[in-house]
Amino acid sequence: MSAPSTLSERDGRTLRVDELRVGFGGVVALDRISMSATQGEIVGVIGPNGAGKTTLFNVICGFVRADSGVITYDGSSLLEHHHAHDLTELGIARTLQGVGLFAGLSVLENVMIGAQNGLRSDFGSAMLGLWRSSREERRLASRAGELLEELGVSAYARHFPATLPYSIQKRTALARALIAQPSLLLLDEPASGLSNDEMDELGTLIRGLSPRMGVLLVEHHMDLVMAVCDRIVVLNFGQVIADGTPESVQSNPEVATAYLGDEVHDSVTTSGMSENA
Amino acid sequence: MTPPVPSGSWPRAPWVRRLRLPTQPLARHLVLALCGAAILYAVTSSLSPYNDFEVGEIALYVIALAGLSLLTGLNGQISLGHGAFMAVGAYSAALLMTHTHLNLLIELVAAIGAAGLLGLVIGIPATRLKGPYLAGMTLLLALALPPIADKWSTTFGGDQGLTTTVPSAPGSINPEEWLAWIQIVGALITLVLLANLLRSRYGRSFRAVRDDEIAASLAGIHVARTKVIAFVISAACAGLAGAFLGLSTGVVNTGEFPLTLSIQLLAAMVLGGTGTLMGMWWGAVLLVYLPQWSTSLSGDFNLGSGASAYLATIIFGVVLIVVMIAAPTGIQGGLRWAWRRVWSLRSGPGDGTPTVSRHPA
């Protein structure tokens, strides 16, 4: 079912979903879906509301249990790691729908927290305030600062998220996912609430990430998805109805009838602002 | 992108700018602790022995409140049972004092360890409980623990309780001042250690878990472990405070750890400034002096002894309400706000950029 990826899968680490089934009570959210995403590849996951996109992310992250099927990343099973906090060690980072920033942490701290699993100083040296711990802390802060600089939001480093414009908050959330240097990045509706210009910038940014990592992108804005993705997986009623290049998906009649036809038309005529997917 | 808002920093007077604190956590907090020790030394040596005793009590409540502030203010776990952790610390130390002749330091470490252990036992199921359910569980702890001491009265001394002994003071120092200094040093060490921890990744994890557990777990934070760590630290602080309380009162019995103690601790923590460490000094001062003030007040109004006992609680409640209306972030929060206002007025209109950065410690 899965289409050939643009890069050889031997070149990078691969997320592989195989015959995954997830049900909530009597409702089947994901019905034996199979797909893959490889490091260096940007894969869009689209589909109408309720198609199972966020459920797919939630299973990958261990928030939702699968009934059957397999998810592996770089050979190791994700269904056996039931905990979201193990993901960063495997090189997987995720942003949340909305922003999911910590209200009581400054922008800089919000970013720092994304990479603190890699810190080696132990509890004792943190409690005693030893140089070993504070030096590491300083290095992490400067790394977070650099990343904010790259994303153009370093001026806000000491502010608290609630006081900032939405687009700044979105970038901060992205920085938090990126600071762990993931090899697979799951983006859950990164463009929601952004203006057209900001969406263009986001598209450029995501393209710039792709050599270093694989990106799995759930997004309603078709302009962005079509412009950015190497490959698109279309979900409908928990099933994969198409998997291929943006062009092949756009010309797929099944996709058109299920979902995309109206959507593409809509989003083109209203300059990509359509949210009613 | 919108143009950046000027990133404000604390407006400071020139002399404050010159006297900048070190940024290294240990150095910074040791400097602050030594300043605090100097102030308290001046205070205790100018006061009467009875007042020294009260300063010691303030110091011991600071320890319990700082732990509670970490747990509730920074990690978002509410505890209505901290009196029980204090009781465990007090009884552990007192049991060692009656049965062994160990060094006080070892007895205090045992009190910290025993309360921390109970914190672990309570903290693990607590990770699954939220808000009112956690409050209910910890409330049960405060209610259920004292009867245990009554049940095995031969071990725990029954109503009489266990007696504690303060090591004799060296030289010509009076015993009250000596005890006060043991408690003050305990409080300062506790505050330094907690402040260090809060400036590290652990402090950041505590706050992140409080704000959003799902986002925290996606950032690689082990949410349950973080909550248990906070609970154990907080309980251990309460254990040390309890052992010190036993030293102050000379006996340890269940009457010293009623449910109202747990509730007053929580109220004092909120009054001082939830999530702060320095604010706990204000909370502890209120905890020690409010009952006295209310007793003298009820004496002025010729109220009976029964009424005066309730008056303390009533006044506590009234103060809590007034402070929450006047300064929702507690006394420490209100002081910080006032301090910023003063300097922003000093530095002239237009220059007074609102501060946007704060640090929990």
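Criteria and cut-off values
- Residues numbered from 1 in each chain as written.
- Chains lettered and ligands numbered in written order.
- Predicted model: local features only at pLDDT ≥ 70, side-chain atom pairs only at ≥ 80, totals over all residues.
- Heavy atoms only, no water.
- Helix = DSSP H or I, 4+ residues; strand = E, 2+ residues; numbered from the N terminus.
- Buried < 20%, exposed > 50% of the residue type's maximum accessible area, 1.4 Å probe, protein only.
- Contact = heavy atoms within 4.5 Å.
- Areas by Shrake-Rupley, 256 points an atom, 1.4 Å probe, with all protein chains shown as cover.
- Domains from an automatic or database assignment.
- Buried area = accessible area lost by both parts, 1.4 Å probe.
- Salt bridge = Lys/Arg side-chain N within 4 Å of Asp/Glu carboxyl O.
- Lys, Arg positive; Asp, Glu negative; His and termini not counted.
- Polar contact = N/O pair within 3.5 Å; in protein donor to acceptor, adjacent residues only side chain to side chain.
- Axes fitted to C-alpha atoms, helices over the stretch in contact; angles between N-to-C directions.
- Parallel < 35°, antiparallel > 145°, perpendicular 65-115°, else oblique.
- Nonpolar A, V, L, I, M, F, W, Y, C, P; charged D, E, K, R; others polar.
- Disulfide = S-S within 2.5 Å.
- pLDDT = per-residue confidence, 0-100.
- Patch = residues over 30% accessible without salt bridge, like charges linked within 9 Å, V, L, I, M, F, W, Y side chains within 5 Å.
- Charge placed at Lys NZ, Arg CZ, Asp CG, Glu CD.
- Pairing = 2+ DSSP bridges.
- Expected span 1.5 Å × (residues − 1).
- Arc of directions from axis to C-beta.

1. Quick notes on the overall build of chain A
Within chain A, the regular secondary structure consists of 10 helices and 10 strands. Counting across all 277 residues of chain A, residues that qualify as buried make up 58%. Partitioning the intrachain contacts of chain A with sequence separation of at least 6 by distance along the chain shows that 68% fall at a separation of at least 24. Carbon and sulfur atoms make up 51% of the accessible area of chain A, which amounts to about 11,300 Å² in all.

2. Let's talk about the overall build of chain B
Within chain B, the regular secondary structure consists of 15 helices and 2 strands. Partitioning the intrachain contacts of chain B with sequence separation of at least 6 by distance along the chain shows that 77% fall at a separation of at least 24.

3. Quick look at the domain arrangement of chain A
Interfaces are often sized by the accessible area lost when the parts come together. Residue and element names in this part refer to chain A. Taken as a whole, chain A is organised into domain 1 (1–91 + 182–277) and domain 2 (103–181). Listed per partner, the contact involves 18 residues of domain 1 and 11 residues of domain 2. The junction of domain 1 with domain 2 conceals about 1,100 Å² of combined surface from both sides, 63% of it contributed by carbon and sulfur atoms. Sorting the residues of domain 1 by area buried against domain 2 places Thr88, Pro182 and Leu205 first, and these three jointly supply 37% of that buried surface. The interface formed by domain 1 and domain 2 contains 1 salt bridge.

4. Let's talk about the side chain of Arg201(B)
Along the chain, Arg201(B) falls in helix α9 (residues 201–211). The buried charged residue Arg201(B) lacks any salt bridge partner; its closest oppositely charged side chain belongs to Glu136(A), at an N-O distance of 5.4 Å. Within the structure, the side chain of Arg201(B) is placed 2.2 Å from the backbone oxygen of Ser121(A), a separation counted as a polar contact. With sequence-adjacent residues up to four places away left out, Arg201(B) is seen in contact with Gln116(A), Leu119(A), Arg120(A), Ser121(A), Asp122(A) and Glu137(A).

5. Examining the packing of helix α3 (residues 49–74) of chain B against α9(B)
Residue and element names in this part refer to chain B. Between α3 and α9, whose axes approach to 8 Å, the crossing angle comes to 40°. Put simply, α3 runs oblique to α9. Here α3 contributes Leu70, Gly73 and Leu74 to the contact with α9, which in turn contributes Phe206, Arg207 and Arg210. Across the contact of α3 with α9, the residue classes tally to 3 nonpolar, 1 polar and 2 charged.

6. Description of the state of the cysteines
Scanning the entire structure with this criterion turns up 0 disulfides over all chains. Here Cys229(A) stays unpaired: no disulfide links it, and the sulfur of Cys61(A), its closest cysteine neighbor, is 18 Å away.

7. With respect to the confidence of the model for chain B
All names here are of chain B. Mean pLDDT over chain B: 86, with 90% of residues reaching 70 or higher. Ranking the helices and strands of chain B by mean pLDDT puts helix α11 (residues 223–249) first, with 96, and helix α1 (residues 14–18) last, with 59. In this model residues 1–8 is a low-confidence stretch, pLDDT under 50, and it forms 22 contacts with partners more than four residues away in sequence or in other chains. In this model residues 350–361 is a low-confidence stretch, pLDDT under 50, and it forms 28 contacts with partners more than four residues away in sequence or in other chains. Reported for the predicted complex are a pTM of 0.85 and an ipTM of 0.83.

8. Section: a positive patch on the surface
Among the surface-exposed residues, Arg120(A), Arg135(A), Arg138(A) and Arg139(A) lie close enough to one another that they form a single positively charged patch. With respect to the helices and strands, Arg139(A) occurs in helix α5 (residues 131–150).

9. So, the pairing of strand β1 (residues 14–24) of chain A
Within a regular strand, side chains alternate between the sheet's two faces. Across 8 bridges, β1(A) lies against strand β2 (residues 27–38) of chain A in antiparallel orientation. Residue pairing across strands places Thr14(A) opposite Thr38(A), the latter belonging to β2(A).

10. Focus on the sheet that holds strand β4 (residues 68–73) of chain A
Residue and element names in this part refer to chain A. Strand order in the open sheet formed by 4 strands is β2-β1-β4-β5, and the pairing between neighbours is antiparallel. Each edge of the open sheet carries a strand with a single partner, namely β2 and β5 (76–77). Direction of pairing for β1 relative to β4: antiparallel, over a ladder of 5 bridges. Bridge assignment links Arg16 to a residue of β4, and that residue is Thr72.

11. Quick look at the environment of Arg341(B)
Within the fold, Arg341(B) resides in helix α15 (residues 330–346). Taking the C-alpha atoms as reference points, Arg341(B) and Val223(B), separated by 118 residues in sequence, lie 38 Å from one another.

12. Here we look at the packing of helix α6 (residues 166–178) of chain A against helix α7 (residues 196–209) of chain A
Residues and elements named next belong to chain A. One way to put it is that α6 packs onto α7 with a least axis distance of 12 Å and a crossing angle of 10°. With respect to α7, the axis of α6 lies roughly parallel. Listed contacts from α7 to Ser167, Arg171, Leu174 and Leu178 of α6 are Glu198, Glu201, Leu202, Leu205 and Leu209.

13. Quick notes on the interface of chain A and chain B
Counting from both sides, the interface comprises 46 residues of chain A and, opposite them, 42 residues of chain B. Summed over the three residues of chain A that lose the most area to chain B, namely His85(A), Met127(A) and Arg158(A), the buried surface amounts to 17% of that side. Where chain A packs against chain B, one counts 2 salt bridges. Between Arg207(B) and Glu109(A) there is a salt bridge whose closest N-O contact spans 2.7 Å. Across the chain A-chain B interface, the total number found is 16 residue pairs in polar contact (both at pLDDT 80 or more). Per-class residue counts for the side of chain A that touches chain B are 23 nonpolar, 13 polar and 10 charged.

14. Digging into α15(B)
Residues and elements named next belong to chain B. For α15, which comprises 17 residues, the first-to-last C-alpha distance of 24 Å matches the rise-based estimate of 24 Å (1.5 Å per residue) to within 8%. Along α15, the positions that sit buried rather than exposed are Gly330, Gln332, Gly333, Arg336, Trp343 and Ser344. Buried residues in α15, looked at end-on, bunch into an arc of 130°, giving them a common side. The outward face of α15, more than 90 degrees from its buried face, is lined by the exposed residues Leu345 and Arg346.

15. Remarks on the confidence of the model for chain A
Residues and elements named next belong to chain A. Per-residue confidence for chain A gives a mean pLDDT of 85; residues scoring 70 or more make up 88%. Of all helices and strands in chain A, the one with the weakest mean pLDDT is helix α10 (residues 253–269) (60), whereas helix α3 (residues 107–112) scores best (95). Overall, residues 1–10 carries pLDDT values under 50, and its contacts beyond four positions in sequence, including any with other chains, amount to 20 contacts. Every residue in residues 263–277 is under pLDDT 50, and counting partners more than four places away or in other chains gives 28 contacts.

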